[in-house]
Number of protein chains: 2
Amino acid sequence: MITTSFTEENYLKAIFHLSPQEAEAVSTNAIAEALQTKAASVTDMLKKLADKNLINYVKYQGVTLTHNGRQAAIGIIRKHRLWEVFLVDKLNFKWDEVHELAEDLEHINSAKLIDSLEAFLGFPKVDPHGDPIPDKNGVLKEPILVPVSKMNINQTGIISGVKEHSTLFLNYLEKTGLVLGKRVKVQDLIEFDGSVIIALDKQVLTISRDVAKNILIAV
Amino acid sequence: MITTSFTEENYLKAIFHLSPQEAEAVSTNAIAEALQTKAASVTDMLKKLADKNLINYVKYQGVTLTHNGRQAAIGIIRKHRLWEVFLVDKLNFKWDEVHELAEDLEHINSAKLIDSLEAFLGFPKVDPHGDPIPDKNGVLKEPILVPVSKMNINQTGIISGVKEHSTLFLNYLEKTGLVLGKRVKVQDLIEFDGSVIIALDKQVLTISRDVAKNILIAV
DNA sequence: TTTATTTTTTAGGCTAACCTAAAAAAATTA
DNA sequence: TAATTTTTTTAGGTTAGCCTAAAAAATAAA
Ligand SMILES: [Mn+2]
Ligand SMILES: [Mn+2]
Ligand SMILES: [Mn+2]
Ligand SMILES: [Mn+2]
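Residues numbered from 1 in each chain as written. Chains lettered and ligands numbered in written order. Predicted model: local features only at pLDDT ≥ 70, side-chain atom pairs only at ≥ 80, totals over all residues. Heavy atoms only, no water.

1. Quick word on the overall build of chain A
Then step 1. When helices and strands are tallied, chain A shows 8 helices and 8 strands.
Then step 2. Rg of the C-alpha trace for chain A: 19 Å, near the compact-globule value of 17 Å for 219 residues, within the 12% margin.
Then step 3. With respect to the three principal axes, the spread of C-alpha positions in chain A is 55 × 45 × 25 Å.
Then step 4. Every one of the 219 residues in chain A was classed for burial, and the buried ones make up 45%.
Then step 5. Pairs at least 24 apart in sequence give 62% of the contacts found in chain A among residues at least 6 apart.
Then step 6. Split by element, the accessible area of chain A, about 11700 Å² in all, is 51% carbon and sulfur.
Then step 7. Side chains of chain A carry 25 positive and 28 negative charges; the gap between the two charge centres is 3 Å. (Helix = DSSP H or I, 4+ residues; strand = E, 2+ residues; numbered from the N terminus. Rg over C-alpha atoms; globule rule 2.2 N^0.38 Å. Buried < 20%, exposed > 50% of the residue type's maximum accessible area, 1.4 Å probe, protein only. Contact = heavy atoms within 4.5 Å. Areas by Shrake-Rupley, 256 points an atom, 1.4 Å probe, with all protein chains shown as cover. Lys, Arg positive; Asp, Glu negative; His and termini not counted. Charge placed at Lys NZ, Arg CZ, Asp CG, Glu CD.)

Below is the structure:
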């Protein structure tokens, strides 16, 4: 078994999130940006991860995850999301309070712990933000969700996920009633600034392009 | 607020455990032994902890915890023991499987998390090994327990704690039925090798000096 | 296709936490 | 008290993960 450090795990997770369908290579700068570090530091780490066969790295051409790297990343994401469910379902945290804590808890390394936790939580399928939880074999099925910004006029759907996990954003959603499970209908798209006018149960409200891009809908 | 690293926290906890009633100074070598490291490394760290006002350190004279250091240590012990209760009560771990995992979990830093966990667990007073859990204000009341090795012939009492947390030891206790809550009576003390003959419900068994020293009794 | 800009890598340094070997102080023994 | 042993500290090095500044490669603009 390859053993990975706290820092290495964060790099793997960042690379995973930056290449969702593993479509194309992730750039050094993109990783630096995501991890709030410097490009030179990223290059150092990429060499190390390549030595461990966790990424495919060719100088100046960015990186992709190897099979091992991808499985490692999915394992960390599994832990992250299960801990988030625990915090919300069992300890009464709000969905906007759990992300930072899960960033630490995800590095606790015990298969028995995480499998027991999963059972204790009743094998949840998604985390508090609607993100799918990989199973213990590392199988992750991404649901097909579209951001509000890509919906058409008069199209309806259920809020089923968010792209952004910050407290600031989730708090705003909470306050405006844009929570998971809510049915929304697009009434109008303002071409000028990309904002969207949506209808909920009773009310109608306008959200900015930035907000519309980060709310995910099952249509 | 003073922020402490993973490693610093382990040093503080080790010093705390080595000077229970803060009676006397803890030696460099004792700390090295407890943390499986070298005396030279300990000296390095002692200087750092002294700079942070967490210990009183005089060259060649060992260390004691300051008020801050003691409170920090108790905070970590609180987390350690609450996580152990969680693992046993909620995730069905055995009492001999939780210590190592708690060594990691105790460094997760969130007052809200640990206070919520405590409430979720129903404010337990002791952990799975009978050790008392400090309250959120850092008050820790040690029960008065005596090791079997210090009991007199015909004296009885209830097994209420263990000094050693290793899987090997706890497993042995489990197998011989020497678990928390069990009533025991000392039948005989063998002066030759310090072993002790004890009576349980039905059976009578002999335990070695080493075992007798590590089982704690409320008399 | 040269020139300029951007991205990435290399070079050289820093800090935390460790190590071994040697020096210094304290404690023991003779 | 002097000699020996044990404990502790200092000196000097290592590694992981980070940094800045400079060099090299890739990309875009002229
Ligand atoms: Mn999250
Ligand atoms: Mn989440
Ligand atoms: Mn323990
Ligand atoms: Mn315990």
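Okay, back to it.
2. Structural notes on the protein's contact with DNA strand D
Then step 1. Ser5(A), Ser41(A), Lys48(A), Tyr57(B) and Lys59(B) are the nearest of the 21 residues found near DNA strand D.
Then step 2. The share of sugar and phosphate among atoms of DNA strand D within 4 Å of the protein is 81%.
Then step 3. Within the side chain of Ser5(A), an N or O atom sits 2.7 Å from a phosphate oxygen of DNA strand D.
Then step 4. Within the side chain of Thr28(B), one N or O atom sits 2.9 Å away from a phosphate oxygen of DNA strand D.
Then step 5. The greatest single-element share of the surface near DNA strand D, amounting to 5 residues, is contributed by helix α3 (residues 39–51) of chain A.
Then step 6. Residues of the surface near DNA strand D, tallied by class, amount to 8 nonpolar, 8 polar and 5 charged. (Near = heavy atom within 4 Å. Polar contact = N/O pair within 3.5 Å; in protein donor to acceptor, adjacent residues only side chain to side chain. Nonpolar A, V, L, I, M, F, W, Y, C, P; charged D, E, K, R; others polar.)

3. Let's talk about helix α6 (residues 111–120) of chain B
Then step 1. All buried positions along α6(B) are accounted for by Leu113(B), Ile114(B), Ser116(B), Leu117(B) and Glu118(B).
Then step 2. Elements in contact with the buried residues of α6(B): α4 (67–89) and α5 (99–105) of chain A together with α4 (67–89) of chain B.
Then step 3. Phi turns positive, to about 80°, at Gly122(B), one or two residues after α6(B).

4. Quick look at the coordination of the manganese ion (ligand 2)
All names here are of chain A.
Then step 1. Within the protein, the manganese ion (ligand 2) binds to Glu-84 (OE), Asp-127 (OD) and His-129 (ND1); these donor distances fall in the range 2.1 to 2.3 Å.
Then step 2. Counting gaps between the donor residues of the manganese ion (ligand 2) yields the pattern E-x42-D-x1-H.
Then step 3. In this structure, the manganese ion (ligand 2) lies 3.3 Å from the manganese ion (ligand 1), and both are coordinated by Glu-84. (Donors = N, O, S within 2.8 Å, 3.2 Å for Na, K, Ca; no water.)

5. Notes on the sheet that holds strand β5 (residues 183–189) of chain A
All names here are of chain A.
Then step 1. If you trace the 6 strands from one edge of the open sheet to the other, you get β3-β8-β4-β5-β6-β7, paired in antiparallel fashion. For this open sheet the edge positions go to β3 (146–147) and β7 (204–207), each flanked by a neighbour on one side alone.
Then step 2. Bridge analysis of β5 against strand β6 (residues 196–199) gives 4 bridges, and the strand direction is antiparallel. Each residue of the ladder has a partner; that of Lys-185, found in β6, is Ala-199. (Pairing = 2+ DSSP bridges.)

6. Description of the protein's contact with DNA strand C
Then step 1. Near DNA strand C you find 21 residues, and of these Tyr57(A), Lys59(A), Ser5(B), Ser41(B) and Lys48(B) are the closest.
Then step 2. The sugar-phosphate backbone supplies 78% of the atoms of DNA strand C found within 4 Å of the protein.
Then step 3. One of the side-chain nitrogen or oxygen atoms of Thr43(A) is found 2.9 Å away from a phosphate oxygen of DNA strand C.
Then step 4. Here a phosphate oxygen of DNA strand C and a side-chain polar atom of Lys47(A) are 2.8 Å apart.
Then step 5. Listing elements by their share of the surface near DNA strand C, those giving two or more residues are α2 (28–35) and α3 of chain A together with α1 (6–18) and α3 (39–51) of chain B.
Then step 6. The biggest single contributor to the surface near DNA strand C is α3(B), with 5 residues.

7. Describing the coordination of the manganese ion (ligand 3)
All names here are of chain B.
Then step 1. Protein-derived coordination of the manganese ion (ligand 3) comes from His-80 (NE2), Glu-84 (OE) and His-99 (ND1), at a distance range of 1.9 to 2.2 Å.
Then step 2. Along the chain, the residues donating to the manganese ion (ligand 3) are arranged with the sequence spacing H-x3-E-x14-H.
Then step 3. A spacing of 3.3 Å is found between the manganese ion (ligand 3) and the manganese ion (ligand 4), which share Glu-84 as a donor. Of this pair, His-80 and Glu-84 both sit in helix α4, 4 residues apart, roughly one helical turn.
Then step 4. Assessed through its relative accessible area of 0%, Glu-84 is described here as buried.

8. Digging into the relation of the copies chain A and chain B
In this structure, two copies of a chain are linked by a rotation about an axis accompanied by a shift along it.
Then step 1. After a rotation of 180° and a shift along the axis of 0.0 Å, chain A superposes on chain B with an RMSD of 0.1 Å. Such values leave the two copies arranged in the relation of a two-fold axis. Taking C-alpha positions as reference, the residue of chain A nearest the rotation axis is Leu105(A), located at 4.0 Å.
Then step 2. The fraction of interface residues of chain A whose copies in chain B are also interface residues reaches 100%, indicating that both copies meet through the same surface. (Least-squares fit on C-alpha atoms with pLDDT ≥ 70 in both.)

9. Focus on the interface of chain A and chain B
Frequently, the measure chosen for interface size is the accessible area removed from exposure when the parts meet.
Then step 1. The interface is formed by 17 residues belonging to chain A together with 17 residues belonging to chain B.
Then step 2. Together chain A and chain B conceal approximately 1500 Å² of surface at their shared face, both sides included; 85% is due to carbon and sulfur atoms.
Then step 3. Our count for the contact surface shared by chain A and chain B stands at 2 salt bridges.
Then step 4. One salt bridge connects Glu97(B) with Lys112(A), and the closest N-O pair in it is separated by 3.9 Å.
Then step 5. Applying the counting rule to chain A against chain B returns 0 residue pairs in polar contact (both at pLDDT 80 or more).
Then step 6. Of all elements in the fold, only α4, α5 and α6 (111–120) of chain A reach the threshold of two or more residues within the side of chain A that touches chain B.
Then step 7. Tallying contributions element by element places α6(A) first for the side of chain A that touches chain B, with 5 residues.
Then step 8. Classifying every residue of the side of chain A that touches chain B by side-chain character gives 11 nonpolar, 2 polar and 4 charged. (Buried area = accessible area lost by both parts, 1.4 Å probe. Salt bridge = Lys/Arg side-chain N within 4 Å of Asp/Glu carboxyl O.)

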